[in-house]
Each structure stands twice: as C-alpha cells, then as structure tokens.
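Take a look at the letters that make up each chain.
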Amino acid sequence: MSDQTATDTAFPQQTSSQQHDELTTQHTTPAVEAIGVHKAFGHLHVLKGIDMTVMPGTVTVILGPSGSGKSTFLRLINQLETLTGGEIRVDGEMIGFKKVEHKGQEVLQTMNDKEIAAQRSKLGMVFQRFNLFPHMTALENVMEAPVHVKHMGKSEARELAVAELQRVGLGQRLDYYPSQLSGGQQQRVAIARALAMKPEIMLFDEPTSALDPELVGEVLSVMRQLADEGMTMIVVTHEIGFAREVADQVVFMDGGVVVEHGGPEIIDHPSEPRFKDFLQHVL
Amino acid sequence: MAKKQVDGEGLDIPDRIHALPVKRTGPVVAAVIVALLAAMLVQGLVTNPRFEWNIVWKYLFNENVLEGIGYTLLLTVISMVVAIILSVILAIMRKSINPVLRGVSWFFIWFFRGTPVYTQLVFWGLFSVLVPKLSLGIPFTSVTFWSIDSSTIITAFNAAWIGLALNEAAYLSEIVRAGLEAVDPGQTEAAKALGMKRSLIMRRIILPQAMRIIIPPTGNETIGMLKTTSLVLAVPFTLELQFATNAIANRIYKPIPLLLVACIWYLLITSILMVIQSRLEKHFGKGFEARSIVAEDNGDQQLDGPVAVSETKKDRIARGNNVKMIGLNA
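Looking up chain B in an unreviewed UniProt entry gives the name ABC transporter permease, with the organism given as Bifidobacterium thermophilum. Taken directly from UniProt, the Subcellular location (unreviewed entry) text for chain B runs: "Cell membrane". Comment text from UniProt for chain B, heading Sequence similarities (unreviewed entry), reads "Belongs to the binding-protein-dependent transport system permease family."

So this is what it looks like as structure tokens:
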C-alpha cells in the first residue's frame, strides 16, 4: 500500500528522488489544503476566504452555526459545488481545474466529468440524509460502486461489501432494503458504502443530524473506530463531545470565515467571543 | 382477499378486547342501490333485442376479427416499445448539459405533441408520395451510394406504427422527464461521491427509481394506445380490430352487435394490460414499500459479530415484503 500511495503523491520534480524521500513527502503533503477559498451562490457570498490544512491520518472537526458555510466547504472538497475563488488541493493535487496554456498565458480550465470522477476516488462522503439507494439492499448499495466504477468481479465485490458491512456492525442486515433499516443503521450502511471504495479521506456532512437521539451513538462509535484506524477525516457536526474526544483539529466557522481553530482543547478554552457564545448555546 | 389478520394473534394479551365493529349503514345502502342498478343493466343488456347477442357470439371469434386483434396488439406493442425507448432518450437529452441535444429534444416534443396524431398518420401514409426515394449519399450533391423506393420501406403497416410511436414518444418523454426529476437530487450526489459518471448514474441510480413513477402513467398511455390504433385508418391501414369489426358491420348492416364485439375485446385486452402493469409496478417498487413490518427482532449485531444471515430471517423479510405487496394490491 505504501509504495502505491508514495508514487501517487510524488510530485514530478521529485520522481528521481529516492523512496525514502518520497515517504517523507507523503507525510508532509497535507491530505487536504484549502487556500483562500471563496464560494458564492449568485449574489450570496457563502465562503469568504477559508484556509485550512488537514494532515493525513488526522481528524478535523468543523463546528459552526447553520448557515456558516461548513457544509458548503465540505461539498467543495468533493466537487459537489464548484469553487468561485481560491484553491483546494487534495493530496497535493489541485482539484476541479487544471492549468493550461491559452493564448500564451497560463489559465485554469474546468476539468471534465471523467477527471473529476478520478479525483473524487480519493474521497469518501457521508451525507446528513444518508442518500442510500432505496431500490437496492444494503449489500447492493455497498457493492454498487466497486462493481460499476472499479469493475470489480461480483463475488469479490460481495466479499468486500460483506466485510465492510461487518465492520460497521451490520453483517446481519445484508439483504435489508434501506426502508427496513433504522436511521442509524442506514447511516452505517452509507459509511460502509463509502469505505468500500477505499478512500484516503472521509468527509462527513452532519452525519448524525437527521438521527433520533438514541441512534446517534452507534454512528459516532463507528466513526470513532474509523479514526482509531488512522483514517483521515473531516467531520462537520454539532456533536461537541465527539469533537473533544476524537478531533486532532477543531475549526470553528461563522459567517463564511474561520473564526478560531486549534487542538480539541479550544472547545474548553475558547478565546473568540463568537466561539464562546456558540458553545454556550450548543452545550 | 386472504384471511383477515388479527393484531397480536398468538400473543398473550391480557383482557383482549372483543368488541363489535362500529355500525355502518352506508355500505349496505350503497350495496343495495348498486346491486339494483347492476341488475337493471344486465337485464337490459340481455333482453334488449337490438343488441342481437346471437350476432355478437357469431362474430366474436370471426377470422377477420381475430386477425384485427392480432394487428391491434402488434401495433400497440411495437409503437409503445419504440415510443418508450425514444421517450427515455428524449427525456435524457432534454436534461443533458449539451444545449444542442436539449434543443433537438424540445423541438421533437413541440412538433409531435403539437400536431394531431391523425394528421401525422395521414402524412406518414403519404410519405412515399412526398418522398419517392430514400437514398444514402453525400447531402447537397448527386453522389448516392444506395437508394430504395420509399414505398417498399414505408408500407401501410410501417407508416402506422411509425406515426403512432413518434407521437406517443413526445407525450411519454414528458412523463419520463417528470419521473427523472422526481428522484431526490441527493441520490445523484451520493452516486457522484462514489465516483460514478453521469451516464452510469442515470442508468443505475436515477432511471430504476424513476421507473416507479413512470410506470402508472405509461400503463395509462398503453391502454390509450390500444384504442388510438383505430386511427391508423388515416394511413390507411385497415386490418386492425376497429376497422375489421366496422367492415363486417357495414357488410351485414348490423353496427351495434359488432361494436359490442370490439368493446368486449378491447376490455379483455385492457384487463390483461392492467395485470401486466401491476406486476411491473411491484417489480420497480421494491425497496420502497418494504416498510419494516418485519423488523421486530432488534437483535442488532454487535461490532465484529457473525456474518451468516439465517435462512429463516431472509424468508421472513421476503414474506413481509410479500404481505405488504398483497396489502397494497387489494
């Protein structure tokens, strides 16, 4: 696995360097890097210059009131929205655009469907409303992308899907349709579905916000387990307890900007009044 | 319907309530009135000599009538199959990111929905007069590689189904589009996030879910088409059921009994189509109606628990789904 990733992330100027250097590079290249990210929907300026660095193997929790742009930021990373300004790099590679020569100048060109799909393959995403495919069983949901995107054999994909569903504790729910599962179970299937594509980074967009309170725990425990396994994660959530316990980095966003960021200790010792105010309302 | 299920059957429920149902007179009154009207109708139908049932029976299985049914069915099936394929293509084109394809689809629908099907059929009938030769070559030059008389391709039968199919495709494509648009956009997002490309998302995720919405109105359109086939006399194509019965009626001066013959067959075929439709609805409804009436065992598996799904559980799900389906159908 390591040499695969190493060659993937190596920059052109570093291809001649030795493997040792490449491994070092792997550690120093951020998994996700946002530089001055702006996003506007029509006249609505949602993100106003977001900078963020997420290192491989770390968990970043983004907190903030609704409308602060945190979900939009997550969707930008996965190219479900298009950047208006700034740059996002995933594994050191600029996403969504490529640099081309045009009339003697270096300009950006929007990537096509295929290129975007390739970039997305590094990312797994879990949605607030699960978005499971309702016409497929849990097993079929998880098998879908390995079979039709990675062209994996059916039996191999089935094995993989069973393993992923077991990993989230749903090995006995393989043949259930989403409508026959509870919200917590559906979200765990959604996590298994994303994991089956072997992403390097997992994005969670308010994964527990649509759940009944008693079902939140089972989803968080799966996420905690994933973090323990060293998965790089960016989590937008309102679960302060989860942030305090699992996060390596906590980012507080409000009004389209990062108001405060730091280690999980900032939750208990916030310095910005807006963050303090937010925590008081949430806790 | 099957035996009525009693809630909590076999369970130990103390002080189980055995109450008499609410007294409802409405159904009884309605039943009496309906039964009376039905009896009058049947009596009228049977005893009225003008219906001439003996003629009806005589011609019900007449060779020309049976041939007419064959052609009516054939026209319905061919034109609906072609129309469905075309309509899906048109609907996907309509939602394409390619503006040229969107425009072509819009124009097709505008034209074929905007002119009467009868007129279109007349034009298809006249096709070989208007365009005597079909040829393959370089446009705007005299170079041709291959050519053929239109009349050998656009026969009356072909003109009939082409005309019906193109008109129907325009209507159906709007139904398909509505179906595609009814699928939650979150489905597309989830599929994109899994690295699926637009065409794959359409084929694997959106269309199967849209089918559930598309099928009932398409069934409706198919039944409509069954009867619209009678318009192909505009081509003129004269072998379908309506024309066949009409021809006999004109020959023997007995229009009423032969209209009854046609009605009986149309009703019979419609009934069969309805059965097919409900089967299709069931097939494409899977996963949607499967509410958790079987999720009584909340023995949720522990993390790292065993994998095997016991047969009995699987059976129970299947049975549960089945029960639900029957319930919906009743």
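Caption draft 1: Looking closely at the pairing of strand β3 (residues 59-63) of chain A. Residues and elements named next belong to chain A. Of all the 5 residues making up β3, 5 are buried; the element is thus mostly covered by neighbouring parts of the structure. The alternating pattern of β3 places Val-59, Val-61 and Leu-63 on one face and Thr-60 and Ile-62 on the opposite face, and all of these are buried. Taken together, the 4 bridges between β3 and strand β10 (residues 232-236) define a ladder with parallel strand orientation. Its bridge partner being in β10, Thr-60 is matched across the sheet by Ile-234. Direction of pairing for β3 relative to strand β11 (residues 249-254): parallel, over a ladder of 4 bridges.

Caption draft 2: Region of interest: the environment of Gly-125 of chain B. Residue and element names in this part refer to chain B. Assignment of secondary structure puts Gly-125 in helix α5 (residues 117-125). In this structure the C-alpha to C-alpha distance between Gly-125 and Pro-257, which are 132 residues apart in sequence, comes to 31 Å. Residue contacts for Gly-125: discarding those within four places in its chain leaves Ala-159 and Val-235.

Caption draft 3: Summary view of the UniProt feature "domain: ABC transmembrane type-1" (unreviewed entry) in chain B. Mapped onto this numbering, the UniProt entry annotates "domain: ABC transmembrane type-1" (unreviewed entry) at residues 69-277 of chain B. With 77% helix and 5% strand, residues 69-277 of chain B has its two end C-alpha atoms placed 20 Å apart.

Caption draft 4: Inspection of the confidence of the model for chain B at higher detail. All names here are of chain B. Looking at chain B, pLDDT values average 85 and 86% of them are 70 or higher. Below pLDDT 50 for its whole length, residues 292-330 participates in 59 contacts with residues either more than four positions away or in separate chains. The ipTM value of the predicted complex is 0.86, and its pTM value is 0.79.

Criteria and thresholds
- Residues numbered from 1 in each chain as written.
- Chains lettered and ligands numbered in written order.
- Predicted model: local features only at pLDDT ≥ 70, side-chain atom pairs only at ≥ 80, totals over all residues.
- Heavy atoms only, no water.
- UniProt positions renumbered as here; feature names shortened; annotations may be inferred.
- Buried < 20%, exposed > 50% of the residue type's maximum accessible area, 1.4 Å probe, protein only.
- Helix = DSSP H or I, 4+ residues; strand = E, 2+ residues; numbered from the N terminus.
- Pairing = 2+ DSSP bridges.
- Contact = heavy atoms within 4.5 Å.
- pLDDT = per-residue confidence, 0-100.

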